[in-house]
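Residues per chain, in single letters:
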Amino acid sequence: MKITVSREKLVENVNYVLKAVSSRTTIPILTGIKLVASKEGIELTGSDSDVSIQSFIPTEENDIENASIHIPGSIVLQARFFADIVKKLPGDSVDIEVDSRLMTRITSGSSEFNLNGLDAEEYPHLPTIWEEHSFSIRTDILKHLIRQTVFAVSTSETRPVLTGVNWSIQNGKLKCVATDSHRLAMRTIDIETDEQLDKSNVIIPGKSLNDLAKIFDDTGSEWVQIIITDNQILFKANHLQFYSRLLEGNYPNTDGLIPQETKTEVTLGTKSFLQAIDRASLLAREEKNNVVKLKTLDGQSLEILSQSTEIGRVHENVDAQEISGEEVRISFSAKYMMDALRQIDASDVKISFTGAMRPFLIRPVEEQDLLMLILPVRTN
């Protein structure tokens, strides 16, 4: 293999696939990045067997030459060293030449590196995915979907399915749900599908979604095509393909967790409420469960209390736009409340309470397709 490639393009694409490479893999060749050069361009692949990312540098794009392929071929290079090298090379272009013993010479400007390569034939093949069940989402909406749900996944491996976000598709709607059994986040959007796509129990690992959100940050692609199979999901955009395995098992039915009745409703500014909880949590953090107490006052404001036996107490009053229903006294995790409020872009939120020991709901006033649920904490 012998190629010349724009250093800027190479760095950009190496950074994409590097997100899928893990140093802790049990398959040694997966600590490398696979390069395949053909007359169309250069394909790069990184994988940890759960997530695989493939990116493509076309030889020419928009009348700009990205690469020249002198001799097609393939090689696997140690990911960390290769990534560090290409980032620090001095020239605008990089020459990569592989000899018959897989020794790879990388030259740019006045620099020359020689790396031991591995046979690309030994690199595991990516799953073959048929595109019969697919739909597309705009990149910005997909990133929103991820941000507004993935924060609520469980970090504990005791129930592996809860470490993922459950996607279900029915009647042209995509519903995304995440819960760690103490809180829940749910977002629903309308999607366009060619056929009557009906999918449930599609559990995508939270880590995969976080990696995906970082990758589609600056691809410049307007739309992402999403293809779901029984055990894999593929996201395709521009010159990028992101594969993730799906989690096995049945996601719990969360519909029954969502209260259908409301005893008290409070509407207030998202930012002012978040800032008040943030201040109250300064002392709550010192206690093991990070709890703050909330109480409705006189139909116009909320009282927020937090105390640490060793440090002291904090007392906050927050003006509400509207409070209707019974008086509320409730305790909850300050962290869970802040996590939920930070995902809400609307200026005002509505909080619906159904009792001191019942889950309560947080919704943006302007968005009915986003819902957060938090379980209260029992205090003395």
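Residues numbered from 1 in each chain as written. Predicted model: local features only at pLDDT ≥ 70, side-chain atom pairs only at ≥ 80, totals over all residues. Heavy atoms only, no water.

### Some thoughts on the packing of helix H3 (residues 139–150) against helix H4 (residues 206–215)
Item 1. Two elements in contact, H3 and H4, have axes whose closest approach is 10 Å; the angle formed by their N-to-C orientations is 140 degrees. Between H3 and H4, the interaxial angle falls into the category oblique. Between H3 and H4 lies a crossing of left-handed hand. Residues Leu142, Lys143, Ile146 and Val150 of H3 form the contact with H4, whose own contacting residues are Gly206, Leu209, Asn210, Leu212 and Ala213.
Item 2. Residues that form the contact of H3 with H4 fall into these classes: six nonpolar, two polar and one charged. (Axes fitted to C-alpha atoms, helices over the stretch in contact; angles between N-to-C directions. Helix = DSSP H or I, 4+ residues; strand = E, 2+ residues; numbered from the N terminus. Parallel < 35°, antiparallel > 145°, perpendicular 65-115°, else oblique. Left-handed = near helix turned anticlockwise from the far one by under 90°. Contact = heavy atoms within 4.5 Å. Nonpolar A, V, L, I, M, F, W, Y, C, P; charged D, E, K, R; others polar.)

### Some points on the sheet that holds strand S21 (residues 291–297)
The strands making up a sheet associate through hydrogen bonds between their backbones, and the pairing can be parallel or antiparallel.
Item 1. Ordered by their spatial adjacency, four strands build an open sheet running S23-S22-S21-S25, and the pairing between neighbours is antiparallel. The open sheet is flanked by strand S23 (312–319) and strand S25 (329–333), the only strands paired with a single partner. Averaged over all pairs of adjacent strands, the angle between strand axes in this sheet comes to 25 degrees, irrespective of strand direction.
Item 2. Note that S21 and strand S22 (residues 301–308) share five bridges and pair antiparallel. Looking across to S22, one finds that Leu297 is bridged to Ser301. (Pairing = 2+ DSSP bridges.)

### A word on a positive patch on the surface
Item 1. Side chains of Lys19, Arg80, Lys87, Lys88 and Lys214 sit close together on the surface and give a patch of like positive charge.
Item 2. The element contributing the most residues to the positive patch is helix H2 (residues 79–88), with three residues.
Item 3. Examined against the element boundaries, Lys88 turns out to sit in helix H2.
Item 4. Judged by relative accessible area, which is 73%, Lys88 ranks as exposed. (Patch = residues over 30% accessible without salt bridge, like charges linked within 9 Å, V, L, I, M, F, W, Y side chains within 5 Å. Areas by Shrake-Rupley, 256 points an atom, 1.4 Å probe, with all protein chains shown as cover. Salt bridge = Lys/Arg side-chain N within 4 Å of Asp/Glu carboxyl O. Lys, Arg positive; Asp, Glu negative; His and termini not counted. Charge placed at Lys NZ, Arg CZ, Asp CG, Glu CD. Buried < 20%, exposed > 50% of the residue type's maximum accessible area, 1.4 Å probe, protein only.)

### A word on the pattern of salt bridges
A pair can form between side chains of opposite charge whenever their charged atoms are brought close.
Item 1. Summed over all chains, the structure comprises 19 salt bridges.
Item 2. Across the pair Glu112 and Arg105 runs a salt bridge whose closest N-O atoms are separated by 3.7 Å.
Item 3. Exposure remark for Arg105: the relative accessible area of 33% places this residue in the partly exposed category.
Item 4. Of the charged contacts in the structure, one is a salt bridge between Lys350 and Glu265, with a shortest N-O distance of 3.9 Å. Of this pair, Lys350 sits in strand S26 (residues 348–353) while Glu265 sits in strand S20 (residues 264–269); the two residues are 85 residues apart in sequence, bridging distant segments of the chain.
Item 5. The network of salt bridges with shared partners includes Asp180, Arg183, Lys335 and Asp339.

### Examining the environment of Pro359
Item 1. Relative to the helices and strands, Pro359 is located in the loop between S26 and strand S27 (360–364).
Item 2. Residue class for Pro359 comes out buried when judged on its relative accessible area of 12%.
Item 3. Placed 347 residues apart in sequence, Pro359 and Glu12 show a C-alpha to C-alpha distance of 45 Å.

### Things to note about the nonpolar core
Item 1. Core analysis: the biggest nonpolar cluster contains 105 residues, and Phe82, Trp167, Phe235 and Ile362 have the highest contact counts within it.
Item 2. At seven residues, the largest contribution of residues to this core is made by helix H5 (residues 270–284).
Item 3. Not counting residues within four places of it along the chain, the set of residues in contact with Ile362 comprises Met337, Ala340, Leu341, Ile344, Val349, Lys350, Ile351, Leu370, Leu371, Met372 and Ile374.
Item 4. The next biggest cluster of nonpolar side chains, apart from the first, holds twelve residues, and it includes Val161, Leu162, Met186 and Leu371. (Core = buried A, V, L, I, M, F, W, Y, C linked by side-chain atoms within 4.5 Å.)

### A short note on the sheet that holds strand S12 (residues 134–138)
Item 1. Strand order in the open sheet formed by eight strands is S8-S2-S3-S4-S19-S18-S17-S12, with antiparallel pairing between adjacent strands. If you trace the sheet from one side to the other, it starts and ends with strand S8 (73–78) and S12, each paired once. Along the sheet, successive strands turn relative to each other by an average axial angle of 20 degrees, direction set aside.
Item 2. By the bridge criterion, five bridges tie strand S4 (residues 51–58) to strand S19 (residues 240–245) in an arrangement that is antiparallel. By the bridge assignment for S19, Val51 is matched with Ser244.
Item 3. In this fold helix H1 (residues 7–18) packs onto strand S2 (32–38), strand S3 (41–47), S4 and S19, with an angle of close to 165 degrees to the strand it touches most, S4.
Item 4. Its contacts with the sheet put H3 on S12, strand S17 (223–228) and strand S18 (232–237), and the angle it makes with S12 is roughly 90 degrees.

### Some remarks on the pairing of S19
Item 1. With six bridges connecting them, S18 and S19 associate as antiparallel partners. When the sheet's bridge partners are listed, Gln232 is paired in S19 with Arg245.
Item 2. Between the end of S18 and the start of S19, which pair antiparallel, lie two residues, with Asn238 showing a positive phi angle near 50 degrees.

### Things to note about the packing of aromatic side chains
Item 1. Within the structure shown, the criterion is met by four aromatic pairs.
Item 2. Judged by centre distance (5.2 Å) and plane angle (35 degrees), the rings of Phe353 and Phe360 are tilted. Phe360 matches Phe353 in its accessibility class, with the two residues each being buried.
Item 3. Through successive ring pairs, a cluster of aromatic residues spans Trp167, Phe235 and Phe242. (Phe/Tyr/Trp six-rings, centres within 6.5 Å; stacked < 30°, edge-to-face > 60°.)

### So, H1
Item 1. Spanning twelve residues, H1 covers 16 Å between terminal C-alpha atoms, matching the ideal 16 Å at 1.5 Å per step.
Item 2. Taken together, the buried positions of H1 are Leu10, Val11, Asn13, Val14, Tyr16, Val17 and Leu18. (Expected span 1.5 Å × (residues − 1).)

Functional significance is not addressed by these values, which are geometric in nature.
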